[in-house]
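Close look at the chain arrangement
Take a look at the letters that make up each chain.
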Amino acid sequence: MDEILKLMLSRHSYRGPYDPNRRIRQEDLTMILEAAQWAPTAHNMQNFEVVVVNDKQMLAEIGNLPVRLSESFLRENYAQLSFTEEEFRRRRTGVLASMFPASWTEPGEWQPDGGGTLSQLAFLSRSMQDTPLLLIVLYDTRRRAPASEGDVLGFISLGCVLENMWLMSESLGLSLHVLSAFSGDTVEQQVKYLLQIPDFQRIAYACSLGYPAPRKVEYLRVRRELQDFVHYNRFGNRDLEWPAAATESKEAKSK
Ligand SMILES: Cc1cc2nc3c(=O)[nH]c(=O)nc-3n(C[C@H](O)[C@H](O)[C@H](O)COP(=O)(O)O)c2cc1C
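Quick caveat: nothing in here was measured; it's all calculated off a predicted structure.

Basis of the calculations
Residues numbered from 1 in each chain as written. Predicted model: local features only at pLDDT ≥ 70, side-chain atom pairs only at ≥ 80, totals over all residues. Heavy atoms only, no water. Buried < 20%, exposed > 50% of the residue type's maximum accessible area, 1.4 Å probe, protein only. Helix = DSSP H or I, 4+ residues; strand = E, 2+ residues; numbered from the N terminus. Pairing = 2+ DSSP bridges. Near = heavy atom within 4 Å. Polar contact = N/O pair within 3.5 Å; in protein donor to acceptor, adjacent residues only side chain to side chain. Areas by Shrake-Rupley, 256 points an atom, 1.4 Å probe, with all protein chains shown as cover. Phe/Tyr/Trp six-rings, centres within 6.5 Å; stacked < 30°, edge-to-face > 60°. Lys NZ or Arg CZ within 6 Å of the ring centre and 35° of its normal. Salt bridge = Lys/Arg side-chain N within 4 Å of Asp/Glu carboxyl O. Axes fitted to C-alpha atoms, helices over the stretch in contact; angles between N-to-C directions. Parallel < 35°, antiparallel > 145°, perpendicular 65-115°, else oblique. Contact = heavy atoms within 4.5 Å. Left-handed = near helix turned anticlockwise from the far one by under 90°. Nonpolar A, V, L, I, M, F, W, Y, C, P; charged D, E, K, R; others polar.

1. A short note on the pairing of strand β7 (residues 175–179)
- Of all 5 residues in β7, 4 are buried; the element is thus mostly enclosed.
- Note that β7 and strand β8 (residues 201–210) share 5 bridges and pair antiparallel. What sits directly across from L176, in β8, is L209.

Here it is, written out as structure tokens:
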């Protein structure tokens, strides 16, 4: 298999524990940051900052921050869930319910008016899994990609930064987990306070990074087939036909 495709296929979301005995090497961290540096961004705006957190005390303080799940998160999350591996394989999109605590996936447990039951209230440490390092990606709200409604192009650029760092981490044997909770209302404000991030910077996402613990945790990963999302020449047309090559048609004419 092509090396680059192999790397892309092996890149995955790591949701298991990190190995507390293995430190990330400075050279590896630098390469991951260089991968961010060379990410494509709309108009080469380079509309991001990265805060690297490896201070144990700071990681512990961040981990102690509570995350309250909104009803809309629970509902929209629920719509993406498969409850068995068989259903997950069939749907080919979304996530397995077993990834989440039952209280996040059982509508009977939702308490829309009370702001969540105790078990719906989590702490950031739950998803940080004792990570030795966080990469927190910020963007400047005062700038946007030219003529980009809602700065969509700016956000796509932040995605390119993420993928570059993710692939580099994977190639170095480091596991990465995206933590969207860092951009949630109250969490974002509290993390910004702890890290002295200026007001005009927003948190796009955070990534936990580290070596996976020796006990490997395997996840079922699914994707749609190419024919489920690729259209040729017209939306809905699943068959690709190549125009006759220029050289071929010249040869055909001379015959
Ligand atoms: C922008 C973005 C935000 C994500 N946020 C989270 C998150 O908060 N928690 C989580 O467990 N996974 C998160 N993920 C990971 C996706 O769930 C994951 O990429 C998807 O399920 C496919 O699995 P794979 O990464 O193993 O291929 C995020 C991914 C992206 C690209």
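2. Observations concerning the site of the ligand
- Residues in close proximity to the ligand total 13 residues, the closest being S13, R15, H177, S180 and R223.
- H177 is positioned with one of its side-chain polar atoms (N or O) 2.7 Å from an oxygen atom of the ligand.
- At 2.8 Å, a side-chain N or O of R221 approaches an oxygen atom of the ligand.
- When isolated, the ligand has an accessible area of 620 Å², and the protein chains bury 64% of it.
- When contributions to the shell around the ligand are tallied by element, the ones reaching two or more residues are α8 (152–171) and β7.
- No other element matches β7, which puts 3 residues into the shell around the ligand.

3. Some points on the packing of aromatic side chains
- Here the structure, examined in full by the defined rule, presents 5 aromatic pairs.
- Seen in terms of ring centroids, Y14 and Y18 are 5.3 Å apart; in terms of plane orientation they differ by 55°. Their pairing is tilted.
- With a relative accessible area of 4%, Y14 lands in the buried category.
- Among the residues examined, Y18 registers a relative accessible area of 5% and is labelled buried.
- Among the aromatic side chains, those forming a connected cluster through ring pairs are F73, F100 and W104.
- Sitting above the plane of the W166 ring, R11 keeps its charged end 4.3 Å from the centroid.
- The ring centre of F200 lies 3.6 Å from the NZ or CZ of R142, which sits over that ring.

4. Quick notes on the pattern of salt bridges
- Across all of its chains, the model carries 8 salt bridges by this definition.
- Notably, a salt bridge pairs R90 with E86, separated by 3.6 Å at the nearest N-O pair. Taken together, the residues R90 and E86, both in helix α5 (residues 85–91) and 4 residues apart, mark about one turn of the helix.
- The closest approach of N and O atoms between R92 and E225, which form a salt bridge, is 3.8 Å. Taken together, the positions of R92 in the loop between α5 and β4 (95–96) and E225 in the loop between β8 and α10 (226–229) put the pair 133 residues apart, joining distant regions of the chain.
- According to the relative accessible area criterion, R92 is partly exposed, its value standing at 28%.
- In this structure E225 comes out as partly exposed when scored by relative accessible area, which is 35%.
- Three or more residues are tied together by salt bridges with common partners; here these are R25, E27 and D28.

5. Description of the packing of helix α1 (residues 3–10) against α8
- Viewed as axis vectors pointing N to C, α1 and α8 meet at an angle of 95°, and their least axial separation amounts to 9 Å. Between α1 and α8, the crossing angle belongs to the class labelled roughly perpendicular. Residues L7, M8 and S10 of α1 form the contact with α8, whose participating residues are L167, E170 and S171.

6. A word on the packing of helix α2 (residues 26–37) against α8
- As a packed pair, α2 and α8 sit with axes 8 Å apart at the nearest point and diverge in direction by 150°. Here α8 runs roughly antiparallel to α2, going by the angle between their axes. The handedness of the crossing between α2 and α8 comes out as right-handed. Here M31, I32, A35 and A36 of α2 lie close against α8, whose contacting residues are V161, N164, M165, M168 and S169.
- Broken down by class, the residue content of the contact of α2 with α8 amounts to 7 nonpolar, 2 polar and no charged.

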